[in-house]
Amino acid sequence: MTPTTLLIINRETLTRFADYEIDPISRSLFLTAPIASQDIEGNPIYIRVTVEVDEGGEDYLVGGIAAKQQLTNKVAIGGSYVNSDDPLNKEELASVNSVVKFNDKLKLVAEYAMNKAENPNFQSSNQINATELTDSDVEGNALRIELDFDNKKNTLAKAYYNDADEGFVTGASPLTAGRTESGVEVTHTLNDKKTALKLEGIRTEEHTTDASREGVQASVEHRLSENIVGEIGVRYYKQDATAASRNTQAATDVVDITDDTLFNDDIINQSALSSVSDAEEDIEGTTVRARITSRLPKLNNSLVFAEYEQDIENSSRNATSIGGETPLGNLGRLYARHDLINSLSGTYGLDDTDERQRTTVGFDATYMKDGKVYSEYRMRDAISAREAEAAIGLKNKWYVQEGLTLNTLFERVESLEGEESNTATAAGIGVEYLAKENYKASGRFEKRWGETSDTLLGSAGIAYRYTDEVTFLAKDIYSRTDYSDGDRTINRFQLGAAYRDYDSNQLDMLAKFEYRLDDNNTGDDAYQKDTMIWSWNGNYHPTRPLTLSGRYAGKYTEYEADSLTSDNTAHAVYGRGLYDISERWDIGLQAGTYWNDQANDLAYMLGAELGYSPMTNLWLSLGYNFMGFEDEDIAYDDSTQQGAYFRLRFKFDEDLFKREDPRKNQRLSSNSAF
């Protein structure tokens with residue numbers, strides 16, 4: 001496949017609890033507000049979720065080193081080496097690079113890398129080849145050269161050359177394996193700052209098939225008035241038949257736009273993703289295009305645009321886009337866009353074998369305090385497929401009385417044509433009671449009806465402060481999912497009690513009981529797992545520099561599958577002693593044991609650690625266990641396993657910001673040992 005280049009127009013980081021929530025039972029992510037499928041320019045909006053998981057299996061090491069040396073005030077060299085001993089994907093990656101600053105305007109960057117992988121995880125993000133690599137061992141080299149020019153006034157220019165072997169398969173590089181890419185980009189604004197001249201040329205070639213794609217684009221953007229911007233341009237494109245007949249929708253080569261020139265350097269018609277075409281011969285042509293964008297101050301400050309592109313020699317090759325958006329007062333916005341593309345296949349490709357349409361109409365608004373409503377209609381139409389869906393949602397927060405609030409949610413996604421599995425309805429209600437000083441309560445109930453599964457999710461919790469030193473906690477989370485071949489129920493019920501010596505702050509303890517149910521009646525491997533876990537944690541400070549910590553935990557597990565039942569009981573006991581050798585540094589020793597009835601043996605832990613406190617109530621500790629153990633329910637902390645570990649601890653409560661109070665910040669105490 002020959003991917004097009006995807007420009008990242010903007011990135012935005014979402015914050016947990018403020019922008020989204022994660023349900024630990026169903027392992028689902030819930031957004032607190034809707035996100036549109038595309039922006040006003042038609043650029044698709046994606047949600048990228050990164051998670052870290054313990055994949056189990058053998059332990060392995062990942063390490064590396066990087067160095068940089070400034071030889072002169074204009075020349076710097078560097079290098080790096082990374083080695084991963086992951087049994088599922090062993091990899092070595094080494095590189096050398098150099099940066100040469102000829103002057104304050106011109107800079108050259110060059111980098112050469114070598115990669116070797118055993119059992120590599122081939123993924124579309126790093127391997128786009130006509131013939132998929134299947135070897136257990138691969139290796140390859142890559143080269144990147146880039147020349148940048150910026151006169152800090154009106155001219156930006158870049159020339160680049162990238163080349164990667166087919167075996168250069170690594171997720172650590174933005175280069176795509178098995179491809180050669182080169183190009184040049186120039187943007188020049190005239191003295192009046194109202195006109196921008198742009199020139200861009202690219203060429204890509206696959207190593208496997210020698211299929212290539214190339215093109216040149218030139219355009220002029222001019223601010224016709226305060227609110228109107230016009231653009232005209234010409235584009236030449238050429239692609240081999242083998243390149244044109246493969247799917248060009250994949251986008252892996254990411255380039256960040258960091259300049260803030262007069263006009264946004266968006267890809268024209270980027271939203272019109274192409275499908276597989278049936279080209280039998282090389283495709284070549286020249287197009288002309290025009291675009292006008294206007295802000296309408298007298299019509300609610302709306303924004304509208306229209307764009308057209310036409311092949312000079314082939315009338316059937318063209319692309320049209322129109323759209324706009326308007327504010328809904330101070331509440332939100334209404335937006336719409338329609339694309340009609342006859343044979344668009346990427347930024348540099350028009351042929352007459354593919355036709356697509358796409359329409360998006362939507363609005364989102366905050367119509368009352370803590371009340372949101374949104375709706376979006378989407379339709380895609382191509383020769384090979386037709387798909388349409390509509391989405392509508394409503395979210396409110398109701399203040400019933402002081403300290404009592406209700407949250408309601410409704411969302412409906414309807415597949416009008418095409419994939420019916422996308423159809424789903426979700427509704428939910430939540431309640432929070434915070435009126436009393438000594439106890440707080442909350443609950444939530446959500447139901448989702450879908451074509452492939454129905455989901456029910458409920459949770460409830462309460463915290464009760466019995467005295468200034470004792471607090472009781474209770475929480476339950478329930479999840480049930482019904483599939484066509486069965487259902488699965490997961491439930492977690494927790495009871496806890498916390499004690500803190502409020503006056504002296506010498507002793508604090510936490511006791512907890514938890515019941516876990518996993519009842520899986522789907523497929524051919526049905527099972528039921530019941531687990532009861534009980535634990536106690538405590539910290540004691542006999543003197544200011546000495547802290548003694550202890551933990552005991554036990555569990556009883558019953559597992560039933562194929563009419564057979566097995567059970568097991570396990571226990572873990574361990575303790576740690578920490579001593580402050582100065583205000584910032586401490587040392588510690590820890591020891592413990594673990595046993596279970598099923599294994600009928602003992603495992604021991606013995607280790608030491610060194611800690612550093614960069615700020616009040618924050619500790620960073622590095623330790624090593626000469627012996628260790630682990631259990632997924634009662635000894636899952638890395639600090640109990642054999643080998644090196646890192647701990648980060650932070651103590652906080654409702655008095656977090658009272659750092660000047662010696663009672664809250666023990667370092668300010670006059671009788672401290674150090």
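Another point: the overall build of the protein chain. Secondary structure assignment for the protein chain yields one helix and 35 strands. Across the 674 residues in the protein chain, those meeting the buried criterion constitute 36%. When contacts within the protein chain are restricted to residue pairs at least 6 apart in sequence, long-range pairs at least 24 apart make up 49% of them.

Before going further, it helps to examine the nonpolar core. Counting residues in hydrophobic clusters, the biggest one holds ten residues: Ile533, Ala553, Ala570, Ala572, Tyr574, Tyr594, Met605, Phe629, Ile634 and Ala635. At three residues, the largest contribution of residues to this core is made by strand β31 (residues 564-580). Setting aside its immediate chain neighbours within four residues, Tyr594 contacts Ala570, His571, Ala572, Asp601, Leu602, Ala603, Phe629, Asp631 and Ile634.

All right, on to a positive patch on the surface then. On the surface, Lys68, Lys101, Lys105, Lys107, Lys152 and Lys153 cluster together into a patch of positive charge. The residue Lys153 is located in the loop between β8 (137-150) and β9 (155-164) in this model.

This part is about the side chain of Thr180. Relative to the elements of secondary structure, Thr180 occurs in strand β10 (residues 179-189). According to the relative accessible area criterion, Thr180 is buried, its value standing at 15%. Here the side chain of Thr180 touches Asp163 through a polar contact of 2.3 Å, side chain to side chain.

Quick look at the environment of Ala218 now. Here Ala218 shows up in strand β12 (residues 212-223). Each C-alpha atom, one on Ala218 and one on Gly233, is 5.5 Å from the other, the two residues being 15 residues apart in sequence. Setting aside residues up to four positions removed in sequence, Ala218 forms contacts with Lys198, Leu199, Ile232, Gly233 and Val234.

Sheet faces and side chains relate simply in a regular strand, where the side chains alternate between the two faces. Where β10 lies against strand β11 (residues 195-206), eleven bridges are found, and the strand directions are antiparallel. Paired with His188 across the strands is Leu197, a residue of β11. Taking the residues between adjacent antiparallel strands as the criterion, β10 and β11 are bridged by five residues, where Lys193 takes a positive phi near 65°. Here eleven bridges tie β11 to β12, and the two strands are oriented antiparallel to one another. Counterpart to Ile202 in the pairing with β12 is Gly215. The hairpin turn running from β11 into β12, its antiparallel successor, is five residues long, and Asp210 in that turn takes a positive phi close to 65°.

Reading the values: the criteria
Each residue is numbered by its place in its chain's sequence as written, counting from 1. It should be noted that, the model being predicted, local features are given only for residues of pLDDT at least 70 and side-chain atom pairs only at 80 or more, the latter also being counted only at that level, while totals for whole chains, interfaces and linings use all residues. To get the side-chain values, take all heavy atoms of the structure and skip hydrogens and water. For the purposes of this entry, the term helix denotes a DSSP run of H or I that reaches at least four residues, the term strand denotes a run of E that reaches at least two, and both are numbered from the N terminus. Partly exposed residues are those whose accessible area sits between 20% and 50% of the maximum for their type, while under 20% is buried and over 50% is exposed, using a 1.4 Å probe and protein chains only. The criterion used for residue contact is that any of the two residues' heavy atoms lie within 4.5 Å. In this text, buried Ala, Val, Leu, Ile, Met, Phe, Trp, Tyr and Cys residues form a nonpolar core when linked through side-chain atoms within 4.5 Å. A patch consists of residues exposed above 30% relative accessible area that lack any salt bridge, with like charges linked at up to 9 Å and nonpolar side chains (Val, Leu, Ile, Met, Phe, Trp, Tyr) linked at up to 5 Å. Every accessible area reported is derived by Shrake-Rupley at a probe size of 1.4 Å, with residue values counting cover from the shown protein chains alone. A pair is scored as a salt bridge if a Lys or Arg side-chain nitrogen falls within 4 Å of a carboxyl oxygen belonging to Asp or Glu. Note on charges: Lys and Arg go in the positive column, Asp and Glu in the negative column, and His and the chain ends are not counted at all. The location of each charge is read from NZ of Lys, CZ of Arg, CG of Asp or CD of Glu. By the criterion applied in these results, polar contacts are pairs of N or O atoms within 3.5 Å in which, for protein atoms, one can donate a hydrogen and the other can accept it, and in which residues neighboring in sequence qualify only through two side-chain atoms. Think of it this way: DSSP has to see at least two bridges between two strands before they count as a pair.

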